[in-house]
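# Architecture at a glance
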Amino acid sequence: MFPVRLLALLLACLLLIGPPPALAAGAADVLGPAGGDAAAPHSFVAAAARTVAPAVVRIDIERSVARQPFDPVLLDPLLRDLFGDPSGSRRERGQGSGVVIDAPRGLVLTNAHVVDQVDSVEVTLADGRQVDGEVVGADPVTDLAVVRVRGVRDLQSAPLGDSEALEVGDWAIALGSPYGLERTVTLGIVSSLHRDINSLGFSDKRLDLIQTDAAINPGNSGGPLIDAAGRVIGINTLVRSGPGAGLGFAIPINLARRVADQLASGGQVVHPYLGLQLVPLTARRARENNRDPDALLQLPERDGALVQRVLENSPAETAGLRRGDLVIAVAEQAVRDPAALLQRVERSAVGEPLPITVLRGQRELKLSIRPAPLPQAG
């Protein structure tokens, strides 16, 4: 046994000299790099954003907007003489984002509402270059548009993913220029899939959206939503704010790719149309209605898409559908709600017979309907 004094002396020497090299290296491995010699590892978010960032652009637009005219009865003649007629138009500037999807042809994908009725488009590339853009085509129904930039070298296309392969809980990363702040990246997850845009108050659109909690703000519209591997899975389109975190929504890239191909080729995007106004019906809701002695009609106690209105001179009227019919199947596929019916109709061919099964009272009817092109607004 060592004397106590000798043991204390040895310990003091070790403290002055420091640990052996092997122990020092082991301690560094446990504690991690403390100095500037070794770079800290970056996250998967940084790697994914780095992959797509060269293809993300800012879009600045300018359009003429009609001024709200004053009531001539309320406008003092003296003021009219002094300031002139206040009617006319004013210049409005706006901003959004986009993503290069075809570098050789200079094609940029963005939202239709970003470039709606614009007089001029300026595209700011990832490296800061500013070039003029030309709106090739837009589809208000899906809120997608294609802008072309010409004579730009060294453009880089973004890799496109598969939105059908997404699952709730997957990582979602939003890129764009919210509030004009370029190269902004936000992180979240895929919160939901197939979110019907009609449930968000947009009855003139046909979209099943990706819902995400990644922050999407004004100016993010048209920018890409990407996955953990840096592939574009959606095009950011709108946000719903409220108490707590906002809700962001993106157009699935599989749909965006199909629409962009049609717009880029100079064609018009044709959407099949039946001429029905539908509301969802569940067996429980039907039972509650049927118990009401003042109910206007008895409803089939099943899930489906209830016909609320049949538009005049529409394919639905020609096929013999009526108000109160419950659509339960289309093309031999069950229909549980209006969204399921619209999805199937969107994939159908204009003018081709589409078999549809409805319940009218207690009778099951099999009808055939030929979708027509969706009438253009205005």
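Once a new chain begins, its residue numbering starts again from 1 and follows that chain's sequence as written. At least 70 in pLDDT is required for a residue's local features to be given in this predicted model, at least 80 for side-chain atom pairs to be given and counted, and no such filter applies to totals for whole chains, interfaces and linings, which use all residues. For the side-chain quantities, the full set of heavy atoms in the structure was used; hydrogens and water were omitted.

The helix and strand inventory of the protein stands at eight helices and 20 strands. Relative accessibility under 20% of the residue-type maximum defines a buried residue, over 50% an exposed one, and the middle range a partly exposed one, all with a 1.4 Å probe and only protein chains included. Scored against the burial criterion, the 378 residues of the protein give a buried share of 41%. Throughout, a residue-residue contact means that at least one pair of heavy atoms, one from each residue, lies within 4.5 Å. Across the protein, the fraction of contacts at a sequence separation of at least 24, relative to all contacts at a separation of at least 6, is 63%. A total of about 21,600 Å² of accessible surface is found on the protein, and carbon and sulfur atoms cover 54% of it. Runs of E in the DSSP output that reach at least two residues are strands. Runs of H or I that reach at least four are helices, and both are numbered from the N terminus. Computed by Shrake-Rupley with a 1.4 Å probe, the accessible areas treat only the displayed protein chains as cover when residues are assessed.

Between its first and last C-alpha, helix α5 (residues 253–264) extends 16 Å over twelve residues, near the 16 Å set by a 1.5 Å rise per residue. Three or more residues of α5 are buried, namely Ile 253, Asn 254, Leu 255, Ala 256, Val 259, Ala 260, Leu 263 and Ala 264. Of the residues one or two after α5, Gly 266 is the one with positive phi, at around 85°. Helix span, expected: 1.5 Å multiplied by one less than the number of residues in the helix.

The subject of this paragraph is the environment of Ala 49. Its location among the elements puts Ala 49 in helix α3 (residues 44–52). Taking the C-alpha atoms as reference points, Ala 49 and Thr 184, separated by 135 residues in sequence, lie 9.6 Å from one another. Not counting residues within four places of it along the chain, the set of residues in contact with Ala 49 comprises Leu 175, Val 185 and Ile 226.

Cavities and pockets were defined on a 1 Å grid built over protein atoms only: a cavity is a set of grid points that admits a 1.4 Å probe from which the probe cannot escape, a pocket is an open set flanked by protein on both sides within 12 Å along at least five of seven lines, and lining residues are those with an atom within 4 Å of any such point. Grid points are joined across faces, edges and corners, and a volume is the space filled by probe spheres set on the points. Of the volumes computed, that of the second largest pocket is approximately 740 Å³. Lining the second largest pocket are 30 residues, and of these Asp 208, Leu 255, Arg 258, Gln 343 and Glu 346 sit closest to its centre. Secondary structure elements with two or more residues in the lining of the second largest pocket: β8 (184–196), β9 (208–212), α5 and α8 (338–346). With five residues, α5 is the largest single contributor of residues to the lining of the second largest pocket. Basically, the charged four are Asp, Glu, Lys and Arg, the nonpolar ten are Ala, Val, Leu, Ile, Met, Phe, Trp, Tyr, Cys and Pro, and anything else, Gly included, counts as polar. Looking at side-chain class alone, the lining of the second largest pocket contains 13 nonpolar, nine polar and eight charged residues.

Before going further, it helps to spend a moment on the nonpolar core. What is meant by a nonpolar core is a set of buried Ala, Val, Leu, Ile, Met, Phe, Trp, Tyr and Cys residues, joined one to another through side-chain atoms within 4.5 Å. Counting 51 residues, the largest nonpolar core has Ile 59, Leu 109, Val 115, Val 123, Leu 209 and Ile 235 as its most contacted members. It is α5 that contributes the most residues to this core, seven residues altogether. Sequence-distant contacts of Val 115, defined by excluding residues within four places in its chain, comprise Ile 59, Ile 61, Arg 63, Thr 110, Val 135, Ala 145 and Val 147. Listed in part, the 19 residues of the second largest apolar core include Val 307, Val 327, Leu 341 and Ile 356.

What follows deals with the side chain of Thr 237. Structurally, Thr 237 can be placed in strand β11 (residues 232–240). On the accessibility criterion, Thr 237 (6% relative accessible area) is buried. Nitrogen and oxygen atoms within 3.5 Å of one another constitute a polar contact, given that in protein one can donate a hydrogen and the other can accept it, and given that sequence-neighbouring residues count only through two side-chain atoms. Looking at Thr 237, its side chain comes within polar contact range of the side chain of Asp 143, at 2.7 Å. Setting aside chain neighbours within four positions, we find Thr 237 in contact with Asn 111, His 113, Asp 143, Leu 209, Ser 221, Phe 249, Ala 250 and Ile 251.

Within this document, salt bridges are pairs made up of a side-chain nitrogen of Lys or Arg and a carboxyl oxygen of Asp or Glu, the two lying within 4 Å of each other. In the structure shown here, the tally under the stated rule is twelve salt bridges. As a salt-bridge pair, Arg 63 and Glu 92 come within 3.1 Å of each other at their nearest N and O atoms. In this pair, Arg 63 sits in strand β1 (residues 56–66) while Glu 92 sits in strand β2 (residues 89–102), placing the two residues 29 residues apart along the sequence. On the basis of relative accessibility, which here comes to 14%, the residue Arg 63 falls in the buried class. Asp 102 is the salt-bridge partner of Arg 105, the closest N and O atoms lying 2.8 Å from each other. According to the relative accessible area criterion, Arg 105 is partly exposed, its value standing at 44%. On the basis of relative accessibility, which here comes to 18%, the residue Asp 102 falls in the buried class.

This part covers the packing of aromatic side chains. For Phe, Tyr and Trp, where Trp contributes only its six-membered ring, two rings pair if their centres lie within 6.5 Å, and the inter-plane angle classes them as stacked under 30 degrees, edge-to-face over 60, or tilted in between. Counted by the stated rule, this structure contains one aromatic pair. Look at Phe 44 and Trp 171: their rings are 5.1 Å apart centre to centre, the planes differ by 50°, and that puts the pair in the tilted class. On the criterion of sequence distance, the pair formed by Phe 44 in helix α3 and Trp 171 in strand β7 (residues 171–176) is long-range, its members being 127 residues apart. For Phe 44, a relative accessible area of 33% puts it in the partly exposed group. What makes Trp 171 partly exposed here is its relative accessible area of 40%.

Right, let's get into the environment of Val 185. Within the secondary structure, Val 185 sits in strand β8. A C-alpha to C-alpha distance of 9.4 Å links Val 185 and Ala 53, two positions 132 residues apart in sequence. Excluding anything up to four places from it in sequence, Val 185 contacts Val 45, Ala 49, Ile 173, Ala 174 and Leu 175.

Pairing between two strands requires that DSSP report at least two bridges joining them. The antiparallel closed barrel is built from six strands, whose spatial order is β7-β8-β9-β12-β11-β10. Geometrically, the sheet is characterised by an average inter-axis angle of 45° between neighbouring strands, direction not taken into account. Along the sheet, α3 makes contact with β7, β8, β10 (224–226) and β11, crossing β7 at roughly 45°. Simply put, an axis is a line fit to the C-alpha atoms, just over the touching stretch for a helix, and the angle between two N-to-C directions goes from 0 to 180 degrees.

Per-residue confidence from the predictor is reported as pLDDT, a score between 0 and 100. Of all residues in the protein, 80% have pLDDT values of 70 or greater, and the mean over the chain is 83. Across residues 11–17, confidence stays below pLDDT 50; counting only partners more than four residues off in sequence or on other chains, it has zero contacts. Segment residues 20–35 is flagged for pLDDT under 50; beyond a separation of four residues in sequence, or across chains, it makes two contacts in the model.

Most of strand β6 (residues 144–149) is tucked away: six of the six residues are buried. Of the two faces of β6, the one holding Leu 144, Val 146 and Arg 148 and the one holding Ala 145, Val 147 and Val 149 are both buried throughout. Pairing of strand β3 (residues 107–110) with β6, which is carried by four bridges, proceeds in the antiparallel orientation. Within the sheet, the bridge partner assigned to Val 108 lies in β6 and is Val 147. Relative to β6, strand β5 (residues 130–139) is paired through six bridges, and the arrangement is antiparallel. What sits directly across from Asp 139, in β6, is Leu 144. Joining the antiparallel neighbours β5 and β6 is a turn of four residues, in which Asp 143 adopts a positive phi near 55°.

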